[in-house]
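Structure at a glance
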Amino acid sequence: MENLVEIFKVLGNEKRLEILQWLKDPASHFEKPVADISKNLKEKGGVCVGDIQEKAQMSPSTVSHYLKMMQQVGLLNSERHGQWTYYRRNEERIEELTSKIKKDL
């Protein structure tokens with residue numbers, strides 16, 4: 001596991017934590033259907049960056065930066081479909097992080 005300090009820096013922001021919580025159960029937090037995406041993405045799950053930005057009530061550039069930060073430390077995965085990018089939690093990585101915290105801290 002890479003540097004925990006970097007992961008904790010990313011998690012040290014209330015809005016980024018909130019986004020991770022929303023993505024844990026997207027159906028409860030995002031109302032828009034995902035009608036125009038592939039069956040593969042529907043099965044994997046994912047939320048369009050525009051929907052995240054709308055819910056966060058922040059500028060698109062700030063939300064994009066936050067999502068990029070979370071993706072760089074492995075907390076999120078993304079998938080591009082046409083002009084849209086969809087994000088979902090990287091549950092495997094989050095589980096690794098929680099195990100590391102339990103074991104080492």
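To start, this report covers the structure provided alongside it.

Moving on to the nonpolar core. Nonpolar side chains tend to gather and get buried jointly when the protein is soluble and globular. Counting 23 residues, the largest nonpolar core has Ile19, Leu23, Ile52, Leu67, Met70, Leu75 and Leu76 as the members making the most contacts within it. The set of elements that each furnish at least two residues to this core consists of helix H1 (4-11), helix H2 (14-24), helix H5 (49-56), helix H6 (60-72) and helix H7 (91-104). Considering every element that reaches this core, the biggest residue donor is H6, with five residues. Once residues lying within four places of it in the same chain are set aside, the contact partners of Ile19 are Ile52, Leu67 and Met70.

Before going further, it helps to examine the pattern of salt bridges. In this structure the tally under the stated criterion is six salt bridges. Residue Glu18 pairs with Lys15 through a salt bridge whose shortest N-O separation is 3.0 Å. Of the two residues, Glu18 and Lys15 are both situated in helix H2; the distance of three residues between them amounts to about one turn of the helix. Residue Lys15 is classed as partly exposed on the basis of its relative accessible area of 21%. For the salt bridge of Lys100 with Asp104, the shortest nitrogen-to-oxygen distance reads 2.6 Å. With a gap of four residues between them, Lys100 and Asp104 both fall in helix H7, about one helical turn apart.

Sheet architecture is open: three strands sit in the order E1-E3-E2, paired in antiparallel fashion. Where the open sheet ends on each side, the last strands, each with one partner, are strand E1 (47-48) and strand E2 (76-81). Of the pairings in the sheet, the one linking E2 to strand E3 (residues 84-89) comprises six bridges and is antiparallel in character. If you follow Leu76 over to E3, its bridge partner there is Arg89. Of the strands in this sheet, E1, E2 and E3 touch H2, which is tilted by about 85 degrees from E3. Seen against the sheet, H6 touches E2 and E3 and runs at an angle of roughly 120 degrees to E2.

Turning to the packing of H5 against H6, a few remarks are in order. Two elements in contact, H5 and H6, have axes separated by 9 Å at closest approach and are oriented at 115 degrees. Taken together, H5 and H6 sit at an angle that is classed as roughly perpendicular. The two elements H5 and H6 meet at a crossing, and its hand is right-handed. Touching Val49, Ile52, Gln53 and Ala56 of H5 are Pro60, Val63, Ser64 and Leu67, all from H6. Looking at side-chain class alone, the contact of H5 with H6 contains six nonpolar, two polar and no charged residues.

Criteria and thresholds
Residues numbered from 1 in each chain as written. Predicted model: local features only at pLDDT ≥ 70, side-chain atom pairs only at ≥ 80, totals over all residues. Heavy atoms only, no water. Core = buried A, V, L, I, M, F, W, Y, C linked by side-chain atoms within 4.5 Å. Buried < 20%, exposed > 50% of the residue type's maximum accessible area, 1.4 Å probe, protein only. Helix = DSSP H or I, 4+ residues; strand = E, 2+ residues; numbered from the N terminus. Contact = heavy atoms within 4.5 Å. Salt bridge = Lys/Arg side-chain N within 4 Å of Asp/Glu carboxyl O. Pairing = 2+ DSSP bridges. Axes fitted to C-alpha atoms, helices over the stretch in contact; angles between N-to-C directions. Parallel < 35°, antiparallel > 145°, perpendicular 65-115°, else oblique. Left-handed = near helix turned anticlockwise from the far one by under 90°. Nonpolar A, V, L, I, M, F, W, Y, C, P; charged D, E, K, R; others polar.

As far as function goes, none of this settles anything; it's purely spatial.
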